[in-house]
Number of protein chains: 2
Amino acid sequence: MKLSTRGRYGTKVLLDLALYQGVGPVLLKDISRRQRIPLHYLEHLIAPLIAGGIIRSSRGAKGGIWLVKSPAEIRLSKVILLLEGSIAPAECVTNPKLCESADACVTRDVWLEMENAMNEVLESITLQHLAERHKSKEQLKEKMYYI
Amino acid sequence: MKLSTRGRYGTKVLLDLALYQGVGPVLLKDISRRQRIPLHYLEHLIAPLIAGGIIRSSRGAKGGIWLVKSPAEIRLSKVILLLEGSIAPAECVTNPKLCESADACVTRDVWLEMENAMNEVLESITLQHLAERHKSKEQLKEKMYYI
DNA sequence: TATAAAGTTGATGATTTTAGTCAGGAATAG
DNA sequence: CTATTCCTGACTAAAATCATCAACTTTATA
Ligand code: FES
Ligand code: FES
């Protein structure tokens, strides 16, 4: 039940954009360095995010990528959907035709419940939440250091 | 975020055992046929279930496998844990040492919330629940046919 | 006790997915 | 024009997944 690096890296990319929001285009190179994501791999990760309409990009000097909407409007459910596709624990949850009698299958119901539980979590968290949590952890760290 | 066949097949195996509980050892061959699981693959799936103490087996003629405890005592969380290991969406949720500053990482917190949400679902469902759901679906099907 | 019936174990292989690399191309600011 | 930056598709190495097979051990029972 592991998420692939696409979902994990991608979430970090968007958190990074939320933290640097409003300062113009953010360089992939900088995101790559800050979030420890190989640059050439990162280049591939942003494609679905652009296609999904949550970030935009500009090439050339002073180029980069940035959030299209405010961080408060972007939910992790959307992010994960764009990067990983359906999060369901089994193919047949999303596509019932794959199993012959999906409506009679009780294990499928379980996987569906799991998917719903995960989606509730992801639906409830926005990029703004992530950014706020991050900042509050940073502050805590500074305080700890002061003591 | 897919479950592997180990978890999916394994759950079906245990549901099958719950349905045929009390009638003595159940043949792997029969489970294989009823649940559409390749016999040779099934043979490997039961090893962790035996090691985990939720089923027992007997070799030779009149052999087979059976549940050690009552279906009401076996939760899916246990089953999935035995067959898939930790269900966490990222390695570092279970093993924080893998990332250098796991306690400062907000994405890790998200993956942890997802794991907890899934575990709540799996913890709340026992084999008895599964068996009951299955039987009630069967009855519904018969009624539909009668109409 | 011989025999057939079952589960057990370890080796092996095919296929698919994942994670990453690379080279070349296209757009943009200055 | 040129340096910079994102874009795209092809490619590859490694890992995970999903089995299959053969040899072996245990057990019931005729
Ligand atoms: S496993 Fe697909 S419907 Fe049961
Ligand atoms: S702690 Fe592992 S990804 Fe952040």
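Summary of the structure given here. (Residues numbered from 1 in each chain as written. Chains lettered and ligands numbered in written order. Predicted model: local features only at pLDDT ≥ 70, side-chain atom pairs only at ≥ 80, totals over all residues. Heavy atoms only, no water.)

Some remarks on the protein's contact with DNA strand D
Taken together, the neighbourhood of DNA strand D is formed by 25 residues, with A:L28, A:H44, A:I46, A:S57 and B:Y9 sitting nearest. Within the backbone of A:A61, one N or O atom sits 3.2 Å away from a base oxygen of DNA strand D. Those elements that provide at least two residues to the surface near DNA strand D are α2 (28-35), α3 (39-51) and β1 (55-58) of chain A together with α1 (5-19) and α3 (39-51) of chain B. If one sorts the elements of the surface near DNA strand D by residue count, α3(A) sits on top with four residues. Broken down by class, the residue content of the surface near DNA strand D amounts to ten nonpolar, ten polar and five charged. (Near = heavy atom within 4 Å. Polar contact = N/O pair within 3.5 Å; in protein donor to acceptor, adjacent residues only side chain to side chain. Helix = DSSP H or I, 4+ residues; strand = E, 2+ residues; numbered from the N terminus. Nonpolar A, V, L, I, M, F, W, Y, C, P; charged D, E, K, R; others polar.)

Some points on the interface of chain B and chain A
Listed by partner, the interface residues are 38 residues for chain B and 38 residues for chain A. Buried surface at the junction of chain B and chain A, summed over both partners, amounts to about 3,500 Å²; 66% is from carbon and sulfur atoms. Sorting the residues of chain B by area buried against chain A places B:M1, B:K2 and B:V106 first, and these three jointly supply 20% of that buried surface. The tally of links between chain B and chain A comes to six salt bridges. Among the salt bridges present, the one from B:D109 reaches A:K137, with a minimum N-O distance of 2.9 Å. Taken together, the connections running from chain B to chain A amount to 14 residue pairs in polar contact (both at pLDDT 80 or more). (Contact = heavy atoms within 4.5 Å. Buried area = accessible area lost by both parts, 1.4 Å probe. Salt bridge = Lys/Arg side-chain N within 4 Å of Asp/Glu carboxyl O.)

A short note on the relation of the copies chain B and chain A
Rotating chain B by 180° about the axis while translating it 0.0 Å along that axis superimposes it on chain A, leaving an RMSD of 0.0 Å. Such a combination of turn and shift is consistent with a two-fold rotation axis. If distances are taken from each C-alpha of chain B to the rotation axis, the shortest is found for B:M1, at 2.4 Å. A high fraction, 100%, of the interface residues of chain B reappear at the interface in chain A, so the copies pair face to face through one surface. (Least-squares fit on C-alpha atoms with pLDDT ≥ 70 in both.)

Re the protein's contact with DNA strand C
In the region of DNA strand C, 25 residues are neighbours, and A:T5, B:L28, B:H44, B:I46 and B:S57 sit closest. Among the atoms of DNA strand C lying within 4 Å of the protein, the sugar-phosphate backbone contributes 61%. Interatomic distance of 3.4 Å between a backbone N/O atom of B:G60 and a base nitrogen of DNA strand C. Tallying contributions element by element places α3(B) first for the surface near DNA strand C, with four residues.

Section: helix α4 (residues 76-84) of chain A
Three or more residues of α4(A) are buried, namely A:L76, A:S77, A:V79, A:I80, A:L83 and A:E84. Considered in projection along α4(A), the buried side chains sweep an arc of 160° and stay on one side of the axis. Residues of α4(A) that are buried in the fold lie against α1 (5-19), α3, α6 (106-124) and α7 (127-146) of chain A together with α6 (106-124) of chain B. (Buried < 20%, exposed > 50% of the residue type's maximum accessible area, 1.4 Å probe, protein only. Arc of directions from axis to C-beta.)

A look at helix α2 (residues 28-35) of chain B
Residue pairs spaced three or four apart in an α-helix point in one direction, given the helix's 3.6 residues per turn. Residue and element names in this part refer to chain B. Every buried residue belonging to α2 is among L28, I31, S32 and Q35, and all of these are buried. End-on, the buried residues of α2 take up no more than an arc of 100°, which puts them together on one face. Looking at α2, the residues exposed on the side facing more than 90 degrees away from the buried face are K29 and R33. Two residues or fewer after α2 comes R36, characterised by a positive phi angle close to 55°.

Quick notes on the pairing of strand β1 (residues 55-58) of chain B
Residue and element names in this part refer to chain B. Summarising the sheet, β1 and strand β2 (residues 64-67) pair through four bridges and their orientation is antiparallel. In the strand pairing of β2, I55 is matched with L67. Counting the residues in the hairpin turn of β1 and β2 gives five residues, including G60, whose phi is positive at 75°. (Pairing = 2+ DSSP bridges.)

So, the packing of aromatic side chains
Residue and element names in this part refer to chain A. Using the criterion set out here, one finds two aromatic pairs over all chains in the structure. Relative to Y41, the ring of Y9 has its centre 5.9 Å away and its plane inclined at 80°; by these criteria the two rings are edge-to-face. Separated by 32 residues along the polypeptide, Y9 in helix α1 and Y41 in helix α3 bring together distant segments of the chain. Residue Y41 is classed as partly exposed on the basis of its relative accessible area, which comes to 34%. Note that R34 overlies the ring of Y20, its terminal NZ or CZ placed 3.8 Å from the centroid. (Phe/Tyr/Trp six-rings, centres within 6.5 Å; stacked < 30°, edge-to-face > 60°. Lys NZ or Arg CZ within 6 Å of the ring centre and 35° of its normal.)

Looking at unusual backbone geometry
Its identity is not glycine, yet A:K62 carries a phi of approximately 65°, on the positive side. Assignment of secondary structure puts A:K62 in the loop between β1 and β2 (64-67).

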